[in-house]
Amino acid sequence: MTDPSSPRRTALFRELLHSPELEFLCEAHNGISAKIAEEAGFKALWAGGLCMSAQFGVRDSNEASWTQVLEMLEFMADATRLPIMLDGDTGYGNFNNVRRLVRKLEQRSIAAVCIEDKLYPKTNSFIDGDKQELAEIDEFCSRIKAGKDAQQDDDFAIITRVEAFIAGWGLDEALKRAEAYHAAGSDGILIHSALSHPAEVLAFKKEWADRSPVVIVPTKYYSTPTDVFREAGFSLAIWANHLLRAAIVAMRDCAETMHREQSLISVEDRVAPVKEIFRLQGASELQEAEERYLPQQGDEARVIVLAASRGAALGELTATRPKTMVEVQGKPLLAHIVSAYNASGIKRLTVVRGYAAEAVDLQGVDYVDNDDYANTSELISLQYALDADPDDSRDLYISFGDVIFKRYILDSLAEHEEDFVIAVDTDWRESVNRGRAADYVSCSEPYSRRAFNSRVLVQTAGEELAENDIHGEWTGVMRVRSSALPLLRAAVSAISADPSNRKAKLHQLLAALAADGNDIRAVYTTGHWLDVDSIEDVVAAGNFS
Ligand code: SPV
Ligand code: MG
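Residues take numbers from 1 onward in each chain, read along the sequence in its written order. Chains and ligands are labelled by the order in which they are written, letters from A for the one and numbers from 1 for the other. For a predicted model such as this one, the threshold for reporting local features is a pLDDT of at least 70, and the threshold for listing and counting side-chain atom pairs is 80 or more; totals across whole chains, interfaces and linings nevertheless cover every residue. The side-chain figures draw on all heavy atoms in the structure; neither hydrogens nor water molecules are used.

Asks: Give me the overall build of the chain: which residues, what numbers.
Replies: The numbering of helices and of strands both runs from the N terminus, where a helix is a DSSP run of H or I of at least 4 residues and a strand a run of E of at least 2. The number of helices and strands found in the chain is 19 helices and 21 strands. For 545 residues, the compact-globule estimate of 2.2 N^0.38 gives 24 Å, and the chain exceeds it by more than 25% at 37 Å. Expressed along its principal axes, the backbone C-alpha trace of the chain runs to roughly 110 × 50 × 40 Å. We call two residues contacting when some pair of their heavy atoms lies within 4.5 Å. By sequence separation, contacts in the chain at least 24 residues apart represent 74% of the contacts at least 6 residues apart. Note on areas: these come from Shrake-Rupley sampling with a 1.4 Å probe, and a residue is covered only by the protein chains present in the view. Total accessible area computed for the chain in this model is approximately 26000 Å², and 51% of it derives from carbon and sulfur atoms. We treat Lys and Arg as the positive residues and Asp and Glu as the negative residues; His and chain ends play no part in the count. Charge positions come from single atoms, namely NZ of Lys, CZ of Arg, CG of Asp or CD of Glu. Distance from the positive charge centre (57 side chains) to the negative charge centre (86 side chains) of the chain: 4 Å. Here the globule rule is a power law, 2.2 Å times the number of residues to the power 0.38, and the radius of gyration is based on C-alpha atoms.

Structural data, given as structure tokens:
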């Protein structure tokens, strides 16, 4: 959106055009080059046809459509506050195309357009210029008149480019044309020359005097001292293609070096730091906007991972490290757990360590130590973590340090609104058959296709439930709404207050919460998680995918 406090770009451009000083326009061909030219101090930009088409990788022969050019201009206008003059080639057609072009340029805050007296499709003036056909004077004047009639903003400028010298005609033809264009309403004349000295443009300026501002493009007569242009009284000089030419040299050098050396070592210091790209893009503004518009960190969930136990059944594997650091598929269980949460966008994890705490050293997570791990169990570890962080502003996930799971389990817990949500595996019989300790749950209804859609609540939980009452096995992943965290803290404290509960497990907490009438939503899943209690489990985890 245009900042109403900033001056209109059309007015700025008109000021430059009529300023008594020689002013300069720098070529730009996309958003970032426009920004770079602005930061260098230029007061206006030239969106040149040569460079705009070249950056698309096509020829300066109207191969890029005018709407493709328009789209790029929009990026350029957004990237800077500078007035931009479009090199509008021949106006992309006749009077009708010019008036539509002018309307579209004004809609995109472009300050001026330059049109040249040739025919569509045009050819660059430096390619066989003397073979190029000029437009009929009257027909070209109709383009100028239609463009001027179309503009809504009185300050929008139409500069007309006289190609008489380029096409091999002399000064008289140039002057005749300039006179006609001036009479048709042109705001200034761009007099172009392909000579390596400024004789043609100086001769024109001398005769033209100050009938209207005169613009030059000294690409070919670059060695002329700028004071010569000043003294002659030119209005604007356009450095028409130099940013692109600079970029070509730099890009080629970089590409060739990387290809040759198969390494970045020698290019790193010769290229802009990535941070510089961010700055030019205005990345910091987006960060500020995110703070203003997006829910803040406080809304993001956090995780407590209970990882204090050794897992003695794993024998040698846990001689010097706890179960959570046993490796499966090349990394510790804990790293799998952290990855699953991170992949769901949850970055704040607190890991409760106990046995061989020093061996639990993953980066990027916080640690709380349960030094009494030998005499306590899951519930007391949870209490340590809750006590260490009184912040109840985010939802909480509780996870066992020896349970790995597919990320979708987290996503399915997040879908439900209840204060407590747990994932319950319907494939529980295997655990019963193998006689292993598991957190069984009894629910308001067993798993069925119908239960998939209904609100299944946990009625109780325990390791010793009667087989008839079991509907599933808790996977060890639980979600607690932030609003229910005070309730969770109270339930944990109530259980731990009884010294006989030092070894309480979390199924006891689930049972107590359910018994108190709290809704614990059970989300049925089948498989896709694994707890590691034995050597066979470690082997099975190797195939977990
Ligand atoms: C351009 O920059 O596209 C121009 C100037 O029109 S010139 O290439 O010299 O024709
Ligand atoms: Mg051009």
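Once the structure has been displayed, the description carries forward.
Asks: Give me a nonpolar patch on the surface: which residues, what numbers.
Replies: Patch rule: a residue counts if its relative accessible area is over 30% and it has no salt bridge; like charges are joined within 9 Å, and nonpolar side chains (Val, Leu, Ile, Met, Phe, Trp, Tyr) within 5 Å. Salt bridges are defined as contacts in which a side-chain nitrogen from Lys or Arg sits within 4 Å of a carboxyl oxygen from Asp or Glu. On the surface, a cluster of nonpolar side chains totalling about 430 Å² of accessible area is made up of Ile32, Ile36, Val274, Ile277 and Phe278. Of all the elements in the fold, those that place two or more residues in the nonpolar patch are helix H2 (31-40) and helix H11 (274-281). Residue position: isoleucine 277 is located in helix H11.

Asks: Help me get a handle on the packing of aromatic side chains, residues and values and all.
Replies: The criterion for an aromatic pair is that two Phe, Tyr or Trp rings (for Trp, the six-membered ring) have centres within 6.5 Å, with stacked assigned to planes under 30 degrees apart, edge-to-face to planes over 60 apart and tilted to the rest. For the structure on display, the rule yields eleven aromatic pairs. Seen from their ring centres, tyrosine 341 and tyrosine 397 are 5.6 Å apart, and the 70° between their planes marks the pair as edge-to-face. Taken together, the positions of tyrosine 341 in helix H13 (residues 333-343) and tyrosine 397 in strand S14 (residues 396-400) put the pair 56 residues apart, joining distant regions of the chain. Between buried and exposed lies partly exposed: a residue is buried under 20% and exposed over 50% of the maximum accessible area for its type, with that area taken using a 1.4 Å probe on protein chains only. What makes tyrosine 341 buried here is its relative accessible area of 0%. The rings of Tyr221, Phe229 and Phe234 are connected pair by pair, giving a single aromatic cluster.

Asks: Talk me through the environment of aspartate 366; I want residue IDs and the actual numbers.
Replies: With respect to the helices, strands and loops of the structure, aspartate 366 is situated in strand S13 (residues 366-369). Spatially, the C-alpha atom of aspartate 366 lies 7.8 Å from that of arginine 348, the residues being 18 residues apart in sequence. The contacts of aspartate 366, once residues within four sequence positions are left out, are Leu349, Thr350 and Val351.

Asks: Talk me through the site of ligand 1; I want residue IDs and the actual numbers.
Replies: Residues in close proximity to ligand 1 include Trp46, Gly48, Gly49, Leu50, Asp87, Asn124, Ser125, Phe126, Arg161, His192 and Ala240, which together make up its full environment. Contacts described as polar in this section are N or O atom pairs within 3.5 Å, which, within protein, must combine one atom able to donate a hydrogen with one able to accept it, while residues neighboring in sequence count only if both atoms come from side chains. Between an oxygen atom of ligand 1 and a main-chain N or O atom of leucine 50, the distance comes to 2.7 Å. A distance of 2.7 Å separates an oxygen atom of ligand 1 from a polar atom in the side chain of arginine 161. Out of a free accessible area of 280 Å², ligand 1 has 100% covered by protein chains. The classification used treats Ala, Val, Leu, Ile, Met, Phe, Trp, Tyr, Cys and Pro as nonpolar, Asp, Glu, Lys and Arg as charged, and all other residues, Gly among them, as polar. Each residue belonging to the shell around ligand 1 can be placed in one class, and the counts come to four nonpolar, five polar and two charged. Whether a residue is near a molecule or strand depends on its heavy atoms: if one lies within 4 Å, it is near.

Asks: Describe the packing of helix H7 (residues 171-184) against helix H8 (residues 199-208), with residues and values.
Replies: Note on geometry: axes are C-alpha line fits, over the in-contact stretch for helices, and angles between N-to-C directions span 0 to 180 degrees. Following both chains from N to C, one finds H7 and H8 inclined at 50°, their axes separated by 10 Å at the closest point. In terms of orientation, H7 lies oblique with respect to H8. For the pair H7 and H8, the crossing hand works out as right-handed. Touching Leu171, Ala174, Leu175, Ala178, Glu179 and His182 of H7 are Ala203, Phe204, Glu207 and Trp208, all from H8. Residue composition of the contact of H7 with H8, by class: seven nonpolar, one polar and two charged. When describing relative orientation, an angle under 35 degrees is termed roughly parallel and one over 145 degrees roughly antiparallel, while 65 to 115 degrees is termed roughly perpendicular and anything else oblique. In this scheme the crossing of two helices becomes right-handed for a clockwise turn of the near helix relative to the far one and left-handed for an anticlockwise turn of less than a right angle.

Asks: Describe the nonpolar core, and please don't skip the residues or the numbers.
Replies: Only buried Ala, Val, Leu, Ile, Met, Phe, Trp, Tyr and Cys residues count toward a nonpolar core, and they belong to the same one when joined by side-chain atoms within 4.5 Å. Judged by nonpolar contacts, the single largest core of 74 residues is most densely connected at Tyr341, Phe405, Leu488 and Leu509. No other element matches H13, which puts seven residues into this core. When residues no more than four places from it in sequence are discounted, the contact partners of leucine 488 are Leu386, Leu396, Ile398, Phe420, Val480, Leu509 and Leu513. Residues Ala64, Val69, Ile115 and Ile144 belong to the second largest nonpolar core, which totals 53 residues.

Asks: Hey, could you go over the domain arrangement of the chain for me, with residue numbers and the actual values?
Replies: Marked domain ranges trace back to an automatic or database domain assignment. What the domain assignment lists for the chain is domain 1 (14-248), domain 2 (268-296) and domain 3 (302-541). Placing a centre on the C-alpha atoms of domain 1 and another on those of domain 3 gives a separation of 70 Å.

Asks: Pulling in residues and values, what's your account of helix H6 (residues 137-150)?
Replies: In a helix, the anticipated span is given by 1.5 Å times the number of residues less one. With 14 residues, H6 extends 20 Å from end C-alpha to end C-alpha; this agrees with the ideal 20 Å at 1.5 Å per step. Turning to H6, its buried residues are Ile137, Phe140, Cys141, Arg143, Ile144, Ala146, Gly147, Lys148 and Ala150. Against the buried residues of H6 lie helix H1 (9-18), helix H5 (95-107), strand S4 (112-116), strand S5 (157-162) and H7.

Asks: With reference to specific residues and values, describe the environment of glutamate 300.
Replies: With respect to the element layout, glutamate 300 can be found in the loop between helix H12 (283-293) and strand S9 (302-307). The contact partners of glutamate 300, leaving out residues within four places of it in the chain, are Gly345, Ile346, Lys347, Arg348, Arg394 and Asp395.

Asks: Please set out the pattern of salt bridges residue by residue, giving values where relevant.
Replies: Under the defined criterion, the tally for this structure stands at 41 salt bridges. In this structure, glutamate 173 engages lysine 176 in a salt bridge whose closest nitrogen and oxygen atoms are separated by 3.5 Å. Residue glutamate 173 and its partner lysine 176 are both found in helix H7; the two are separated by three residues, about one turn of the helix. For arginine 211, the salt bridge identified is with glutamate 179, shortest N-O distance 2.3 Å. Of this pair, arginine 211 sits in the loop between H8 and strand S7 (214-216) while glutamate 179 sits in helix H7, placing them 32 residues apart in sequence.

Asks: Can you explain unusual backbone geometry? Please cite residues and give values.
Replies: A cis amide bond links tyrosine 120 to the next residue, proline 121, at an omega of -5°. Tracing the backbone through its elements, the reader meets proline 121 in the loop between S4 and H6. In this structure, aspartate 89 takes a positive phi of about 50° despite not being glycine. For aspartate 89, a relative accessible area of 6% gives the class buried.

Asks: Describe the sheet that holds strand S1 (residues 23-27), listing the residues and the values that go with them.
Replies: On the basis of which strands lie adjacent, the closed barrel formed by eight strands has the order S1-S2-S3-S4-S5-S6-S7-S8 and parallel pairing. Across the sheet, the mean angle separating the axes of adjacent strands is 25° when strand polarity is ignored. When DSSP locates at least two bridges between a pair of strands, those strands are taken to pair. As judged from the two bridges shared by strand S6 (residues 188-191) and S7, these two strands associate in the parallel manner. When the bridges of S7 are listed, isoleucine 189 appears paired with valine 214.

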